[in-house]
There are 2 protein chains.
Amino acid sequence: MVYGVVLASGVGKRMGADIPKQYIEIAGKPIIIYTIEAMLDVEKIDKIYIAVSGPYISYMKELLEKYFDEAQQGKMVIVEGGNERIDTINNVVDCILESYETEKSDVIIFHDAVRPFVTRKILEDSVSGAVEFGATVAGLPAVDTMLCSNDGKRVDEIPDRATIFHGQAPDTFRLEYFIELRNKLSDDQKKRLTGTSQFCTFNNKPIYLIEGDPLNFKITSVEDLRRAEMIVNERKEKEVI
Amino acid sequence: MVYGVVLASGVGKRMGADIPKQYIEIAGKPIIIYTIEAMLDVEKIDKIYIAVSGPYISYMKELLEKYFDEAQQGKMVIVEGGNERIDTINNVVDCILESYETEKSDVIIFHDAVRPFVTRKILEDSVSGAVEFGATVAGLPAVDTMLCSNDGKRVDEIPDRATIFHGQAPDTFRLEYFIELRNKLSDDQKKRLTGTSQFCTFNNKPIYLIEGDPLNFKITSVEDLRRAEMIVNERKEKEVI
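About the cut-offs
- Residues numbered from 1 in each chain as written.
- Chains lettered and ligands numbered in written order.
- Predicted model: local features only at pLDDT ≥ 70, side-chain atom pairs only at ≥ 80, totals over all residues.
- Heavy atoms only, no water.
- Least-squares fit on C-alpha atoms with pLDDT ≥ 70 in both.
- Contact = heavy atoms within 4.5 Å.
- Buried area = accessible area lost by both parts, 1.4 Å probe.
- Salt bridge = Lys/Arg side-chain N within 4 Å of Asp/Glu carboxyl O.
- Polar contact = N/O pair within 3.5 Å; in protein donor to acceptor, adjacent residues only side chain to side chain.
- Helix = DSSP H or I, 4+ residues; strand = E, 2+ residues; numbered from the N terminus.
- Nonpolar A, V, L, I, M, F, W, Y, C, P; charged D, E, K, R; others polar.
- Patch = residues over 30% accessible without salt bridge, like charges linked within 9 Å, V, L, I, M, F, W, Y side chains within 5 Å.
- Areas by Shrake-Rupley, 256 points an atom, 1.4 Å probe, with all protein chains shown as cover.
- Lys, Arg positive; Asp, Glu negative; His and termini not counted.
- Charge placed at Lys NZ, Arg CZ, Asp CG, Glu CD.
- Buried < 20%, exposed > 50% of the residue type's maximum accessible area, 1.4 Å probe, protein only.
- Pairing = 2+ DSSP bridges.
- 1 Å grid on protein atoms, 1.4 Å probe; cavity = no way out; pocket = protein on both sides within 12 Å on 5 of 7 lines; lining within 4 Å.
- Points joined across faces, edges and corners; volume = space filled by probe spheres on them.

S.K.: Looking at this structure, how should I read the relation of the copies chain A and chain B?
M.R.: Both copies of the chain are related by one operation, a rotation about an axis with a shift along it. Of the transformation placing chain A onto chain B, the axial shift is 0.1 Å and the rotation is 180 degrees, giving an RMSD of 0.0 Å. As the rotation angle and translation indicate, the two copies are arranged about a two-fold axis. Within chain A, A:Arg227 has its C-alpha nearest the rotation axis, a separation of 4.5 Å.

Below, the structure written as structure tokens:
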């Protein structure tokens, strides 16, 4: 089985909106719906777990009913997110384990709710990469020269730009391997987690790059939102033609 | 003296245009004119050297006559760019040295023609930083998690994001120090130069960060161009109000 996970339990209300940003609408439809649609579009993905903070669970249910038919809804599971990233991940994994026996070939894809334009290629490459390597992350080659500075004042190193990548999402793992990595994390490491890539790095295990896409950007600012609107409007124009 | 340098000798014709991108118009005015205006706006900057490739010299002259008054034009010098970055830099520095005696307090600011929205703060901080530290570069804290991979496949390191900065421009130096660094570069190093920051790093000399600005982005894509148009249009609206 391939389990898609949409991490949507953040409640940051930036960009002047009254709702967390994954619920802000682009061209009349919430960002998270585009993200779920992108996952639905990939046949390999059998189930889509949507991790949502408690107060938004009923709202999320309404959204799923509004935007998806029954067959599509049958693929989706809403899970309550936790206080910390690790709690959310645990809730999702536990929920999977309660419903299914794990198999060697199982894969879990962790994606950000606010990266709605993830491409089919990224999702498919992530799954096949995870099967081959155990763990993958989508990365995009850096365009700018990057400067390393430990104190934020003096530049210690200007690495070869070709060796630097922007980490996007998803992070994708063979499920059994992911559980193994999770079980090895110390309590301190669990507290310090900011992303699922660290399940590898904290365990000194490799994670492999799959090719990201500029379209797969994270919507965090008003400017990002405008860009997202332009993308959706252009797609609509193309559909009309 | 403080010498501003606008590096505009690139002839890359991307973005479907027939002219190098620094000459593309935003709201009816070429990008490079905005960049020169930003430098003019900083009183500390005494002279503005504009490095242009041979075939564009007369066009550049016309642009300066069109957009600037005589007093402003009096501050500006057009210099022919060379084939390689190092040649362009040499031409500019030689041109300065032909006209002026250097002084300990002289500063040289190398800026990209296609970063038209460089702020006054960045330019002023660059000058005072160069006086204090010898060499500065504008850097913007990374927003994304950055991944280091030597082979582009396996992630070798995920550095603490707080230690990673996007290198912007300008690069700014005490002029005498810059000439000293230049004279120490080997021929091989000169060939490998892609930016002026490397005058420091190739010599194992430190370069210091000054705070960049998201506005100070490089226009390299059609999307950047749209963003630039939005910024200019918003500024015009504010002026009207």
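S.K.: Would you mind going over the interface of chain A and chain B with me for this structure?
M.R.: Accessible area lost on assembly of the parts is the figure often given for the size of an interface. Across the contact, 33 residues belong to chain A and 33 residues belong to chain B. With both chains or domains summed, chain A and chain B bury close to 2,900 Å², and 59% of this area falls on carbon and sulfur atoms. The partner of B:Glu223 in a salt bridge is A:Arg227, and the shortest N-O contact between them spans 2.7 Å. At the junction of chain A and chain B, the tally comes to 16 residue pairs in polar contact (both at pLDDT 80 or more). For the side of chain A that touches chain B, the elements supplying multiple residues, two or more each, are strand S7 (135-141), strand S8 (146-148), strand S9 (154-155), strand S10 (164-174), strand S11 (207-211) and helix H9 (222-240) of chain A. In terms of residue count, the dominant contributor to the side of chain A that touches chain B is H9(A) (five residues). Partitioned by chemical class, the residues of the side of chain A that touches chain B number 16 nonpolar, ten polar and seven charged.

S.K.: Is there a simple way to think about the environment of B:Thr119 in this case?
M.R.: Relative to the assigned elements, B:Thr119 resides in the loop between strand S6 (107-112) and helix H5 (120-133). Remark: the alpha-carbon pair of B:Thr119 and B:Asn216, spanning 97 residues in sequence, is separated by 7.0 Å.

S.K.: For this particular structure, what's the right way to read a negative patch on the surface?
M.R.: Negative charge collects at one region of the surface, where A:Asp151, A:Asp156, A:Glu157, B:Asp151, B:Asp156 and B:Glu157 lie side by side. As for its position among the elements, B:Asp156 is in the loop between strand S9 (154-155) and strand S10 (164-174). With a relative accessible area of 46%, B:Asp156 lands in the partly exposed category.

S.K.: Which parts of the structure should I look at to understand helix H1 (residues 31-40) of chain B?
M.R.: Every α-helix carries 3.6 residues per turn, so stepping three or four residues along brings you back to the same face. The element H1(B) is largely enclosed, with a buried count of nine among its ten residues. Listed as buried for H1(B) are B:Ile31, B:Ile32, B:Ile33, B:Tyr34, B:Thr35, B:Ile36, B:Ala38, B:Met39 and B:Leu40.

S.K.: Help me understand the pairing of strand S11 (residues 207-211) of chain B, please; the structure alone is not making it clear to me.
M.R.: Two faces, one strand: in a regular strand the side chains alternate between the faces of the sheet. Summarising burial for S11(B): four of the five residues are buried, a large majority. Summarising the sheet, S9(A) and S11(B) pair through two bridges and their orientation is antiparallel. Looking at the pairing, A:Arg154 lines up with B:Tyr208 of S11(B).

S.K.: Any chance you could explain the environment of B:Val5 here in plain terms?
M.R.: Residue and element names in this part refer to chain B. The residue Val5 is located in strand S1 (residues 2-8) in this model. Assessed through its relative accessible area of 0%, Val5 is described here as buried. Between the alpha carbons of Val5 and Lys75 there is a distance of 12 Å; along the sequence they are 70 residues apart. When near neighbours in sequence (up to four residues on either side) are disregarded, Val5 contacts Met39, Tyr49, Val92, Ile108, Ile109, Phe110 and His111.

S.K.: Just checking my understanding: could you explain the layout of surface pockets for this structure?
M.R.: Where empty space is left in the structure can be found by rolling a water-sized probe over the atoms. All names here are of chain A. A volume near 370 Å³ is recorded for the second largest pocket. Looking at the lining of the second largest pocket, the elements that each hand over two or more residues are helix H1 (31-40), helix H5 (120-133) and H9. Take the lining of the second largest pocket: its biggest share by element is four residues, from H9.

S.K.: Just to check I follow, could you spell out the pattern of salt bridges for this structure?
M.R.: Between side chains of opposite charge, pairing is possible as soon as their charged atoms come close. For the structure on display, the rule yields 18 salt bridges over all chains. The salt bridge involving A:Asp112 is made with A:Arg115; its shortest N-O contact spans 3.0 Å. By the burial criterion, A:Asp112 is buried, and A:Arg115 matches it. Residue B:Asp41 is joined to B:Arg120 by a salt bridge in which the shortest nitrogen-to-oxygen separation is 3.1 Å. In this pair, B:Asp41 sits in the loop between H1 and strand S4 (47-52) while B:Arg120 sits in helix H5, placing the two residues 79 residues apart along the sequence. B:Asp41 sits in the partly exposed class, given a relative accessible area of 42%.

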